[in-house]
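Below are the chains, spelled out letter by letter.
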Amino acid sequence: MLDPKPPVLSLSSAELEAWLVTNDLPVYRGRQIWGWMARGAASFQAMHDLPKGLRAALERDFRITSLRPVALNQADGALTTKTLFELDGGHSVEAVVMRYTDRSTLCISSQAGCPIGCPFCATGKFPFGRNLKAHEIVEQAVDAVRVLAGEERRLSHVVFMGMGEPMANYAAVLESVRRLADPELLGISPRRIVVSTSGLIPRIEQLAGEGLPVTLAISLHAARDELRDVLVPINRKYPVRDLVGAAQGYATKTGRRVSYEWVLLAGVNDTEQDAKELGTLLRRKLAHVNLIPFNPVEDTPYRAPDRAAIRRFREMVEAEGLNVTVRDTRGREADAACGQLHERVMRSRVPVS
Ligand code: SF4
């Protein structure tokens, strides 16, 4: 049965202080509580430098988290782990932790499902569920901190590239970014936070005015409207040239280079024509192109290009004068393309190990 108590991270710092005052407790305890959450405390009892009475009061009034892990998968010799969390009300979302020598990155979800419906994406195949609340986004990060702390690692980067279109849940995403960056909470530099979008131009313009130097990533995948209308249907509303104009407005205002994501689909967007169109679109812009070899999704007509095709496309894009990298294909075995663990669990209806 659902625990009706609010999760503690649903409180703002001011609300937590008000609760402490109501309970005749000193307000500085609030910083201690956030400090424990930032270290990934698994329970209120684990906050052992808090008085017993305070721990009991926290337990009486709050839950430590609203997320319930229902499936876990790993790949790359456990360097990539993917957790499926059930949310209050029954929807579920995925979070992926990727471990590298110099950093640990969390790929976070902002919506249960996604309303954009890109035809190559596992998440887009399911009916849209709901927007996540800010605390549900932050709780994914706190869980990653806890898991990584057990391995003597620190969460250093967060990318909003899991399930959902972050800009379609703008207020909660922005609040969660502020909390992830809050030095009293997780203290992750906004420069190490990437917010991606399929192209909601008004929200890109709004984000540029927030004074938060997060990295903007555009899920581009095609440089001409005819193809992008199919691959990223929101393009019909916000055409690609207008989108790049808005993204460059963001780059100019924040001084942050924009990352353009390009999922490589064999024979669809990996041709010489595509490379040339991309070159024309982005040349002399503050931009970086990130090529992502497609991670095949069942029941879609798309295929992954082979290694030679990936190298060829990269060289063609470089020849256009653009900065380009190929993202490593972390997590293929872990169903790490967004929505794939969710899809597998939904299909089988049993937790996977
Ligand atoms: S690729 Fe991203 S924007 Fe498109 S349907 Fe999937 S989650 Fe949504």
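Because the structure is a prediction, the values reported are computed rather than measured. (Residues numbered from 1 in each chain as written. Predicted model: local features only at pLDDT ≥ 70, side-chain atom pairs only at ≥ 80, totals over all residues.)

Student: Help me understand the overall build of the protein, please; the structure alone is not making it clear to me.
Tutor: Scanning the protein for helices and strands turns up eleven helices and twelve strands. For 353 residues, the compact-globule estimate of 2.2 N^0.38 gives 20 Å, and the C-alpha radius of gyration of the protein, at 21 Å, lies within 12% of that figure. By the burial criterion, 46% of the 353 residues in the protein qualify as buried. Here the contacts in the protein between residues at least 6 apart in sequence split such that 67% fall between residues at least 24 apart. (Helix = DSSP H or I, 4+ residues; strand = E, 2+ residues; numbered from the N terminus. Rg over C-alpha atoms; globule rule 2.2 N^0.38 Å. Buried ≥ 20, exposed ≤ 12 C-beta atoms within 10 Å, placed from the backbone. Contact = placed C-beta atoms within 7 Å.)

Student: Help me understand the site of the ligand in this model?
Tutor: Around the ligand, the surrounding shell holds 13 residues, and the nearest of these are Cys-114, Ile-116, Cys-118, Cys-121 and Gly-124. Considered class by class, the residues forming the shell around the ligand number six nonpolar, six polar and one charged. (Near = placed C-beta within 6 Å. Nonpolar A, V, L, I, M, F, W, Y, C, P; charged D, E, K, R; others polar.)

Student: Just checking my understanding: could you explain unusual backbone geometry for this structure?
Tutor: Keep in mind that most residues, glycine aside, have a negative phi and that most peptide bonds are trans. Positioned with a positive phi, Asp-24 is a non-glycine residue whose angle comes to about 55 degrees. Tracing the backbone shows Asp-24 in the loop between helix H1 (13–22) and helix H2 (29–38). The exposure class assigned to Asp-24 is exposed, which follows from the 8 C-beta atoms found within 10 Å. Notably, Asp-76 is not glycine yet its phi reads approximately 55 degrees, a positive angle. Position of Asp-76 relative to the elements: it lies in the loop between strand S1 (68–75) and strand S2 (80–86). Judged by C-beta crowding, with 17 C-beta atoms within 10 Å, Asp-76 ranks as partly exposed.

Student: What should I look at first to understand the environment of Pro-166 in this one?
Tutor: Among the secondary structure elements, Pro-166 is positioned in the loop between strand S7 (157–160) and helix H5 (170–181). With near-sequence residues (within four places) excluded, Pro-166 lies in contact with Ser-110, Phe-160, Val-173, Val-195, Ser-196 and Thr-197.

Student: Whenever I open this one, helix H9 (residues 272–282) confuses me. Can you help?
Tutor: Given 3.6 residues per helical turn, the α-helix brings residues three or four places apart onto the same face. Of the residues making up H9, those classed as buried are Asp-274, Ala-275, Leu-278, Leu-281 and Leu-282. The buried side chains of H9 occupy one side of the element, clustering within an arc of 125 degrees when seen end-on. Facing away from the buried side of H9, by more than 90 degrees, are the exposed residues Glu-272, Gln-273 and Thr-280. Its buried side turned inward, H9 meets helix H8 (240–254), strand S10 (258–264), strand S11 (287–293) and helix H10 (307–319). Arg-284 lies just past H9 and shows a positive phi near 65 degrees. (Arc of directions from axis to C-beta.)

Student: Would you take a moment to explain the domain arrangement of the protein for this structure?
Tutor: As far as domains go, the protein holds domain 1 (8–61) and domain 2 (68–348). Computed from C-alpha coordinates alone, the two centres of domain 1 and domain 2 are separated by 33 Å. On the side of domain 2, eleven residues touch domain 1, which itself brings ten residues to the contact. In the side of domain 1 that touches domain 2, the residues fall into five nonpolar, three polar and two charged. (Domains from an automatic or database assignment.)

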